Protein chains: 2
Amino acid sequence: MASDTRSALVAAAAELLDQGGPAAVTLREVGRKAGVSHNAPYKHFKSKEDLLAAIASRELERQSETMNALKPQARPIDALRRLTRGYIRWAQNYPARFRLVFGEWKHDSHELGEAAGKSRAMLVEIVKAAQDAHQLPRGNPERIASLLLALAHGAVDLALAGHLSATGKGAADPDMLADDLYALLKKSSQTDRKYRRK
Amino acid sequence: MASDTRSALVAAAAELLDQGGPAAVTLREVGRKAGVSHNAPYKHFKSKEDLLAAIASRELERQSETMNALKPQARPIDALRRLTRGYIRWAQNYPARFRLVFGEWKHDSHELGEAAGKSRAMLVEIVKAAQDAHQLPRGNPERIASLLLALAHGAVDLALAGHLSATGKGAADPDMLADDLYALLKKSSQTDRKYRRK
DNA sequence: ACCTGAACACCGTTCAAGT
DNA sequence: ACCTGAACACCGTTCAAGT
């Protein structure tokens, strides 16, 4: 199914993407790197966009693998924090892949949506566990997962674009903002507990 | 300073951007729309990227104008909420401009950074006012402004990419997530008040 | 100072042809 | 089924030349 040249093409394209952004991913250069002609990719991908979508899918699958490997953790809230940090690190180390995964997709790529859904489901599970341990406030776990994801995503995207760094006292990097949100959630969950004890 | 053809070129380019994304912004089409030759843009902009940066600057300036026009509001917290909603609406109505403004910039465009800083400063002022009225928790106002901005930005970016819509019960749009964060901040500021009264 | 038309190198995509 | 080489249309950019 996943032929040898196909994955070689994806790997070559990902390398070019990291080095010079989407503009550097030319089918001619991809072919050269993979040792085939400049239009051999058309036997494996419908178009250049389809090749880029394959990179994005690969990235999302790797993310869910990383999430699986990271699961066993004493406190669920610590697993969540670690996950958040991992997400931020990934975006900062591979900004081009990060932007590709969350960029616009005309050919709405069913495969991509499924890979994203899988990661999401795992995230929601950990949120539920943290709620059961009273480390997160009550409420719809999917909603809280979205809140955490949106903040981490927005913080790192702004940071990459240089729109976050107020130099000096107010300076905040993505990790700090994530910590702020976790602190707010913790405070809120403590209020929840007080109610529960009444 | 802002010559007539220059702004005509920017307007034409913005229109093309809205219609078909950055790929649709070809200098030939921009020239045609503005009634000049396909390389007249080079007398006003160093490159295509420079033209795109001009669109981004224009957009940021318009944002700070909108913020100025919106300022007089009874409760500062309401002004903040309105600002958040405006930001989300803008991104949803003009996704291509939104992505352009927060995309990557090689030629790091000093002009762009200044326009962004101006909007930021206004946002921080309103946060301060809300803190003084005990509608937001204490703490560094720049930090809280970053938190609000990061969440709104991340939520709307995820929504545009289709990575937010868990259908069914857990479904959350950007406005709902912003409301969640405001609720957490309100709760936290009430705890602050209790401390203050002791 | 601003604009034009021709030209160059490069890219995505298609096609006829080979194994 | 997979690959190749030539060809086409298009694009960003440059250049010589015009006002």
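Here, the structure is the one placed above.
Each chain has its residues counted from 1, running along the sequence as written. Each chain is given a letter, starting from A, and each ligand a number, starting from 1, according to the order in which they appear as written. Local features in this predicted model are restricted to residues whose pLDDT is 70 or higher, and side-chain atom pairs enter the listing and the counts only when it is 80 or higher, whereas totals over whole chains, interfaces and linings include all residues. To obtain the side-chain values, all non-hydrogen atoms of the structure were included, while hydrogens and water were left out.

## A few points about the protein's contact with DNA strand C
The criterion for a residue being near a molecule or strand is simple. One of its heavy atoms has to lie within 4 Å of it. Lining the immediate surroundings of DNA strand C are 18 residues, of which N39 and Y42 of chain A together with S37, N39 and H44 of chain B lie closest. Taking the atoms of DNA strand C that fall within 4 Å of the protein, sugar and phosphate contribute 46% of them. Distance and chemistry together define a polar contact, namely a pair of N or O atoms within 3.5 Å, with one atom able to donate a hydrogen and the other to accept it when in protein, and with adjacent residues in sequence counting only for side-chain atoms on both sides. Within the backbone of V25 of chain A, an N or O atom sits 3.4 Å from a phosphate oxygen of DNA strand C.

## Concerning the layout of surface pockets
Of the pockets and cavities examined, the largest pocket occupies roughly 1,700 Å³. Lining the largest pocket are 47 residues, and of these P22 and R99 of chain A together with P22, R99 and E104 of chain B lie nearest its centre. Numbering goes from the N terminus for both helices and strands, where a helix is a DSSP run of H or I of at least four residues and a strand is a run of E of at least two. Secondary structure elements with two or more residues in the lining of the largest pocket: α1 (4–20), α3 (48–69), α5 (95–101) and α7 (141–160) of chain A together with α1 (4–20), α3 (48–69), α5 (95–101) and α7 (141–160) of chain B. Residues are grouped as follows: nonpolar covers Ala, Val, Leu, Ile, Met, Phe, Trp, Tyr, Cys and Pro; charged covers Asp, Glu, Lys and Arg; every other residue, Gly included, is treated as polar. Here the residues of the lining of the largest pocket sort into 23 nonpolar, 10 polar and 14 charged. Cavities and pockets were defined on a 1 Å grid built over protein atoms only: a cavity is a set of grid points that admits a 1.4 Å probe from which the probe cannot escape, a pocket is an open set flanked by protein on both sides within 12 Å along at least five of seven lines, and lining residues are those with an atom within 4 Å of any such point. Grid points are joined across faces, edges and corners, and a volume is the space filled by probe spheres set on the points.

## Overview of the interface of chain B and chain A
Counting residues at the interface gives 42 residues for chain B and 42 residues for chain A. It is R143, H163 and L184 of chain B in chain B that bury the most area against chain A; as a group they hold 18% of the surface buried on that side. We define a salt bridge as a side-chain nitrogen of Lys or Arg found within 4 Å of a carboxyl oxygen belonging to Asp or Glu. Inspection of the chain B/chain A interface yields 2 salt bridges. The residue D180 of chain B makes a salt bridge to R143 of chain A at a minimum N-O spacing of 2.8 Å. In this assembly, chain B and chain A are joined by 6 residue pairs in polar contact (both at pLDDT 80 or more). Elements with a contribution of two residues or more to the side of chain B that touches chain A: α5, α6 (110–132), α7 and α8 (174–197) of chain B. Split into classes, the residues belonging to the side of chain B that touches chain A amount to 20 nonpolar, 10 polar and 12 charged. A contact between two residues is defined here by any heavy atoms of the two lying within 4.5 Å. Buried area: the accessible surface (1.4 Å probe) lost by two parts on joining, summed over both.

## Some thoughts on a negative patch on the surface
All names here are of chain A. Note that patches include only residues with greater than 30% relative accessible area and no salt bridge, and the join distances are 9 Å for like charges and 5 Å for nonpolar side chains (Val, Leu, Ile, Met, Phe, Trp, Tyr). With residues, only the protein chains shown are counted as cover, and all accessible areas are computed by Shrake-Rupley using a 1.4 Å probe. In this tally Asp and Glu are treated as negative and Lys and Arg as positive; neither His nor the chain ends contributes. Where a charge lies is defined by one atom per residue type: Lys uses NZ, Arg uses CZ, Asp uses CG and Glu uses CD. Negative charge collects at one region of the surface, where E61, E65, E111 and E114 lie side by side. Every element with two or more residues in the negative patch is listed here: α3 and α6 (110–132). Mapped onto the secondary structure, E61 falls in helix α3. The class for E61 is partly exposed, based on a relative accessible area of 43%. Buried means the residue's accessible area, taken with a 1.4 Å probe over protein chains only, is under 20% of the maximum for its type, while exposed means over 50%, and partly exposed covers the values in between.

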